[in-house]
Amino acid sequence: MLDLLTQSPHFYDYVTVAVLLLGLFNVFEILFLLYNKNMVERIEREKLALKRLASTALITSTAPAELLPGPAAEYEFAAYSEAIASVLDSFEGEIADRARALIGQLGIDDHYRRLARHRTWYKRGNAIDIMASFRLKASREFFLAVYRSEPVHDVKYRIIYGLSRLTREHADIRALAQMLSALPYLTPKYTEDIFYNIISALKAEGKEGEFGLFMKETLNDQSVQNLVKRDCINACFAATCEKGRGLLKEYYAAYPHEPEILIASIKALARIGDFSKMPEAMKNPDWRVRLAALKYAHLCCADLLPEIRAMLRDNSYHVRINAALALAKAGGAGRAALQAEAASEDKFASAAAAYALTQEPA
Amino acid sequence: MTVFLIWLAVHASQYLVFLYFLVVNSTYTLLILFALRDIVRHAYLTTARVARRQLASEFYYKPVSVIVPARNEAAVIAQSVKALLNLHYPEFEIIVVNDGSTDDTLATLDREFKLVPSNKPVRLQVPNEAIRGVYRSAVYPNLVVVDKENGGKADAINAGINVSVYPIFCSIDADSLLEPDALLKSSKLFLEDDELIATGGIIRIMNGCTVKDGAVTEIGLPASTLETLQVLEYTRAFLSGRTGWNALKSLLIISGAFGVFRKDVVVAVNGYRKTVGEDMDLVMRLHRHCRDNKIAYKILFVPDPVCWTQAPYSMKMLLKQRNRWHRGMIDALLANRVMILNRKYGATSLIGISYFVFVEFLGPLIELFGYIAIPILWYFKMLNTQFFIMLVLLAVFWGISINIGAVFLDIYNFRRYKKTSDILRLCVMSAMEFFGYRQIMLLERLRATLEFRKKGWGTQDRRGFGNKGSAL
């Protein structure tokens, strides 16, 4: 093959051209590198200046659009949208209204609507992210329309995130829960984040009751994944949703064989001072459920000390340690039990007890 | 017959060298192109908005155990731990594992952080040498120190895993500094994707940078050529190499200097194995475990979280380091040889491992073969001089453009080196690398190939995190 190559009449001409082209390419790379560096630095400076100008205009002027140059380049749109999102996060009332109005006046919304249909998925995703940060009610229908035609899951997750900030009633929440259930489950934190946004949006509208209604409807709804239900409970607890709290016991009772839901319910119930399910949970066959209950045992279960003490011999390391810590926090009787166990022949129990005794009482 | 054999050997050697040249350079070029696509996408999706949201919400994080194996690190350990205590993260614990140090590492930790014994039972999930004691800082409740018998870095991390309480752990070298938001950026990925089991950030060289209060405050290139060449190598290895492998779903190394892992999966593969290449070995075993058990998983490199590390400043130390790396790679490949050209392991095997076997492992042998063959062929007047010169020129220019491409990836998106003089210097190094440095590294890799059964890390020389003038 090499002979064939080298014997070809123009072989060395071609190789010489290739070497020269590579040499030129290297010079071009260096020049482009320096040019790009200067260009990016200039853009960064201008973007920062524009962002400051927009923020100042939004806060100090009643007609900011008159003070601001219309955006043309991508970085100018980015600068304005970052400034507006920041103002919307920090202000309410007239200033926030001005910021929302500016989105339309400067054509920012139209620009990102166009980008949301770009052929490159991450550009669509970025545009959706930016639009979601505006929380414009008018974006809701657009998001729904884009969702229907969007083929990429990564973008769909972002659209759901955007929609979660624009929730109005329990039908919206139900639609979002079904969208989430139809997609591959992403992560607990993502789903919690969605429900957290929903609760926050409803609270802002004074419609927290809608979330309670949704939780009631979803209790036995097979079309919503159990993991989504669990994250809903966790979000309810994180966002201190009063209306969902009443249903926590019902969820606990409805899913006796779903440790994830049981754990979420135990945590949420404990946070509102309801420990009625703890004795039952401490006997659950799943060690994670027993562990979740033990974390709060010292707050409620003075009469359960023998049961907690027995858990020092549990098969799970985590349960043993937390049983010991629960006893340590349970006052004199608990510490006395630990002292007795520290001398026990059961090495696991004695080690856990000895460790817990070195911890500060509650 | 003899003449025929010589003729065959000559022609075979030409084909082999030419093919190797084409495969290596094409692979690097493709990796750069994949990396460029990945970096642009990453830049789009990693918006400041997302990071702010993650920072602002106290509910959206997973607690992390930061494990720092340390053997004879008295010179740097206090500053390293102080830097880690300043990480921007809502909930984390730092576990320093004193791996049988013979210097004052433990005493320094005790003096600086007021250690008190802890008798919390340790759950032995992965094997490690005997633990002599576990201590907790009286000043920083999230600082734990484990004192154990010497067992090597892998063993020390295993001990850290056993002592750790959180579901994700980050292993970091004692002589490295994490940027304050590095943990946040890397662990955020675990929130975004349940399939993620391991991730690593970029390792950058702190030689030449100014370090103040355990943080890199001013970034610059080191004065020495040897250290600057390593900056170029790291830039190429991480930004074009690992980002490119990432795109091909064939990432086989997460640097031991900074990696973040899901603990349950690492425990499932019995933790780290005692070897000098424990980082590559672990990642290969994670791939194997997940593929064998049909577990959906992802192992990702992200170019954003930065860990600063000290690069060897003398040739002797550098050769020792490269020897160790190469031995580690060979050992990992041998230990996981079932993955070589095995369709069961998909792209990881057919692309990633094939590259390591045929380019990284066999490459030095082929290159040496080329260097030896040239004078012999020339002596016997069998060398096509014109072709040889053209091939060398092509190789050098192609290699330079790959190096500058890697520098471009860095400057395009991350712009750590802001001075024009630094950028130009990296471009000059892109060419200089081919004249001497590359050949010395080649010889050391060959030596490592011959003595790959040798165990141990050898001693390490630490300078401490001083400023660029005095120490780095």
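All of these numbers come straight from a predicted model, not from anything done at the bench.

### Topic: the overall build of chain B
Step number 1: The secondary structure content of chain B amounts to 14 helices and 12 strands.
Step number 2: For chain B, whose C-alpha radius of gyration is 23 Å, the value lies close to the compact-globule estimate of 23 Å for 472 residues.
Step number 3: Along the first, second and third principal axes, the C-alpha atoms of chain B reach 75 × 50 × 45 Å.
Step number 4: Within chain B, the proportion of its 472 residues that are buried is 58%.
Step number 5: Long-range pairs, those at least 24 residues apart, make up 80% of the contacts in chain B with a sequence separation of at least 6.

### Observations regarding the overall build of chain A
Step number 1: Assigned secondary structure in chain A consists of 22 helices and 0 strands.
Step number 2: Over its C-alpha trace chain A gives a radius of gyration of 30 Å, far above what one expects of a compact globule, namely 21 Å for 362 residues.
Step number 3: Over its C-alpha atoms, taken along the principal directions, chain A stretches across nearly 90 × 70 × 40 Å.
Step number 4: The 362 residues of chain A split such that 52% are buried.
Step number 5: Excluding contacts between residues fewer than 6 apart, the proportion of contacts in chain A whose partners are at least 24 apart in sequence is 64%.
Step number 6: Split by element, the accessible area of chain A, about 17000 Å² in all, is 55% carbon and sulfur.
Step number 7: Separation between the mean location of the 45 positive side-chain charges and that of the 44 negative ones in chain A comes to 2 Å.

### Quick notes on the sheet that holds strand β8 (residues 196–205) of chain B
Residue and element names in this part refer to chain B.
Step number 1: Strands sit in the order β3-β4-β5-β2-β1-β6-β11-β8-β12-β7 across an open sheet of 10 strands; the sheet is mixed. At either margin of the open sheet sits one strand with a lone partner, and together these are β3 (115–117) and β7 (176–178). Each strand axis lies, on average, 30 degrees off the axis of its neighbour in the sheet, ignoring direction.
Step number 2: Strand contacts of helix α5 (residues 153–163): β1 (64–70), β2 (92–99), β4 (131–137), β5 (143–148) and β6 (168–172), with the helix running at about 140 degrees to β2, the strand carrying the most contacts.

### Here's the deal with the environment of L229 of chain B
All names here are of chain B.
Step number 1: Within the element layout of this structure, L229 appears in helix α7 (residues 225–247).
Step number 2: Here the alpha-carbon distance between L229 and Y437, two residues 208 residues apart in the chain, equals 8.3 Å.
Step number 3: Discounting residues that sit within four places of it in the chain, L229 has contacts with M429, E433 and Y437.

### Points about helix α12 (residues 209–218) of chain A
Count 3.6 residues to each turn of an α-helix, and residues three or four apart come out pointing the same way.
All names here are of chain A.
Step number 1: Along α12, the positions that sit buried rather than exposed are F211, G212, F214, M215 and T218. For α12, the arc enclosing every buried residue in end-on projection is 160 degrees, short of the 170-degree limit, so these residues lie on one face.
Step number 2: Residues of α12 that are buried make contact with α10 (170–182), α11 (188–204), α13 (226–238), α14 (242–245) and α15 (248–254).

### Quick word on the interface of chain B and chain A
Step number 1: Taken together, the 50 residues of chain B in the interface contact 53 residues of chain A.
Step number 2: Taken together, chain B and chain A are joined by 1 salt bridge.
Step number 3: Among the salt bridges present, the one from R415 of chain B reaches E44 of chain A, with a minimum N-O distance of 2.5 Å.
Step number 4: One can count 11 residue pairs in polar contact (both at pLDDT 80 or more) joining chain B with chain A.

### A word on the side chain of T235 of chain B
Residues and elements named next belong to chain B.
Step number 1: Assignment of secondary structure puts T235 in helix α7.
Step number 2: Separated by 2.7 Å, the side chain of T235 and the backbone oxygen of V231 make a polar contact.
Step number 3: In contact with T235, not counting residues within four places along its chain, are S240, A406, V407 and D410.

### Notes on the packing of helix α2 (residues 11–60) of chain A against helix α4 (residues 74–90) of chain A
Residues and elements named next belong to chain A.
Step number 1: The N-to-C vectors of α2 and α4 enclose an angle of 40 degrees; their axes lie 8 Å apart at closest approach. Put simply, α2 runs oblique to α4. Here the hand of the crossing between α2 and α4 comes out right-handed. Where α2 abuts α4, its residues I43, E46, K47, L50, K51, A54, S55 and L58 lie against Y75, E76, A78, A79, Y80, E82, A83, I84 and V87.
Step number 2: By residue class, the composition of the contact of α2 with α4 is 11 nonpolar, 1 polar and 5 charged.

### What about the pattern of salt bridges?
All names here are of chain A.
Step number 1: Under the counting rule described, the total for this entry stands at 52 salt bridges over all chains.
Step number 2: For K249, the salt bridge identified is with D274, shortest N-O distance 3.1 Å. Placement of K249 in helix α15 and of D274 in the loop between α16 (259–271) and α17 (278–281) is noted, with a sequence separation of 25 residues between them.
Step number 3: We classify K249 as partly exposed; its relative accessible area is 35%.
Step number 4: You can call D274 buried: its relative accessible area is 19%.

### Comments concerning the packing of helix α7 (residues 121–134) of chain A against helix α9 (residues 153–164) of chain A
All names here are of chain A.
Step number 1: One way to put it is that α7 packs onto α9 with a least axis distance of 9 Å and a crossing angle of 5 degrees. For the element pair α7 / α9, the angle class is roughly parallel. The segment α7 lies against α9, with W121, R124, G125, I128, D129 and A132 engaging D154, V155, R158, I159 and G162.
Step number 2: Partitioning the contact of α7 with α9 into residue classes produces 5 nonpolar, 2 polar and 4 charged.

### Points about the side chain of R242 of chain B
Residue and element names in this part refer to chain B.
Step number 1: Here R242 is to be found in helix α7.
Step number 2: Of the side chains with opposite charge, D279 lies nearest to the buried R242, which makes no salt bridge, at 6.4 Å.
Step number 3: When near neighbours in sequence (up to four residues on either side) are disregarded, R242 contacts A237, L251, I253, I254, S255 and F301.

### Side note on the nonpolar core
Step number 1: Counting 127 residues, the largest nonpolar core has V66, V96 and L286 of chain B as the members making the most contacts within it.
Step number 2: Among the elements that take part in this core, α7 of chain B stands out by supplying 8 residues, more than any other.
Step number 3: Among all residues touching V66 of chain B, those that are not within four sequence positions of it are L84, L87, F92, E93, I94, I95, C170, I172 and L183 of chain B.
Step number 4: Grouped together as the second largest cluster of nonpolar side chains are 75 residues, I95, A99, I160 and L202 of chain A included.

### Observations concerning helix α6 (residues 108–115) of chain A
Residue and element names in this part refer to chain A.
Step number 1: Turning to α6, its buried residues are I108, D109, H111, Y112 and L115. Down the axis of α6, the sector holding all buried residues measures 160 degrees, keeping them to one side.
Step number 2: Buried-residue contacts for α6 involve α4, α5 (94–105), α7 and α8 (139–149).

### Some details on the pairing of β6 of chain B
On any regular strand, side chains alternate: one points to one face of the sheet, the next to the other face.
Residues and elements named next belong to chain B.
Step number 1: The buried fraction of β6 amounts to 5 of the 5 residues, a majority that puts the element mostly inside the structure.
Step number 2: Covered by surrounding structure in β6 are I168, C170 and I172 together with F169 and S171, the residues of both alternating faces.
Step number 3: Where β1 lies against β6, 4 bridges are found, and the strand directions are parallel. Paired with I67 across the two strands is S171, which belongs to β6.
Step number 4: One ladder, built from 5 bridges, connects β6 with strand β11 (residues 258–262); its direction is antiparallel. Following the sheet pairing, I168 is matched in β11 by R262.

### Quick notes on the packing of aromatic side chains
Step number 1: The final tally for this structure, using the stated rule, is 25 aromatic pairs over all chains.
Step number 2: Aromatic pair Y28 of chain B and Y355 of chain B: ring centres 6.4 Å apart, planes at 70 degrees, arrangement edge-to-face. Note that Y28 of chain B is positioned in helix α1 (residues 2–45) and Y355 of chain B in helix α11 (residues 346–361), a separation of 327 residues in sequence.
Step number 3: The partly exposed category is assigned to Y28 of chain B, whose relative accessible area is 23%.
Step number 4: Note on Y234 of chain B and W325 of chain B: the rings are 6.3 Å apart at their centroids and 55 degrees apart in plane angle, and the pair reads as tilted. Of this pair, Y234 of chain B sits in helix α7 while W325 of chain B sits in helix α10 (residues 315–335); the two residues are 91 residues apart in sequence, bridging distant segments of the chain.
Step number 5: Taking relative accessible area as the criterion, Y234 of chain B reaches 10% and is therefore assigned buried.
Step number 6: Here the aromatic residues F28, F32 and Y35 of chain A together with F408 and Y412 of chain B are joined through ring pairs into a cluster of three or more.
Step number 7: The ring of F348 of chain A has R320 of chain A lying over it, and the distance from NZ or CZ to the ring centre is 4.4 Å.

What counts and what doesn't
Residues numbered from 1 in each chain as written. Chains lettered and ligands numbered in written order. Predicted model: local features only at pLDDT ≥ 70, side-chain atom pairs only at ≥ 80, totals over all residues. Heavy atoms only, no water. Helix = DSSP H or I, 4+ residues; strand = E, 2+ residues; numbered from the N terminus. Rg over C-alpha atoms; globule rule 2.2 N^0.38 Å. Buried < 20%, exposed > 50% of the residue type's maximum accessible area, 1.4 Å probe, protein only. Contact = heavy atoms within 4.5 Å. Areas by Shrake-Rupley, 256 points an atom, 1.4 Å probe, with all protein chains shown as cover. Lys, Arg positive; Asp, Glu negative; His and termini not counted. Charge placed at Lys NZ, Arg CZ, Asp CG, Glu CD. Pairing = 2+ DSSP bridges. Axes fitted to C-alpha atoms, helices over the stretch in contact; angles between N-to-C directions. Arc of directions from axis to C-beta. Salt bridge = Lys/Arg side-chain N within 4 Å of Asp/Glu carboxyl O. Polar contact = N/O pair within 3.5 Å; in protein donor to acceptor, adjacent residues only side chain to side chain. Parallel < 35°, antiparallel > 145°, perpendicular 65-115°, else oblique. Left-handed = near helix turned anticlockwise from the far one by under 90°. Nonpolar A, V, L, I, M, F, W, Y, C, P; charged D, E, K, R; others polar. Core = buried A, V, L, I, M, F, W, Y, C linked by side-chain atoms within 4.5 Å. Phe/Tyr/Trp six-rings, centres within 6.5 Å; stacked < 30°, edge-to-face > 60°. Lys NZ or Arg CZ within 6 Å of the ring centre and 35° of its normal.

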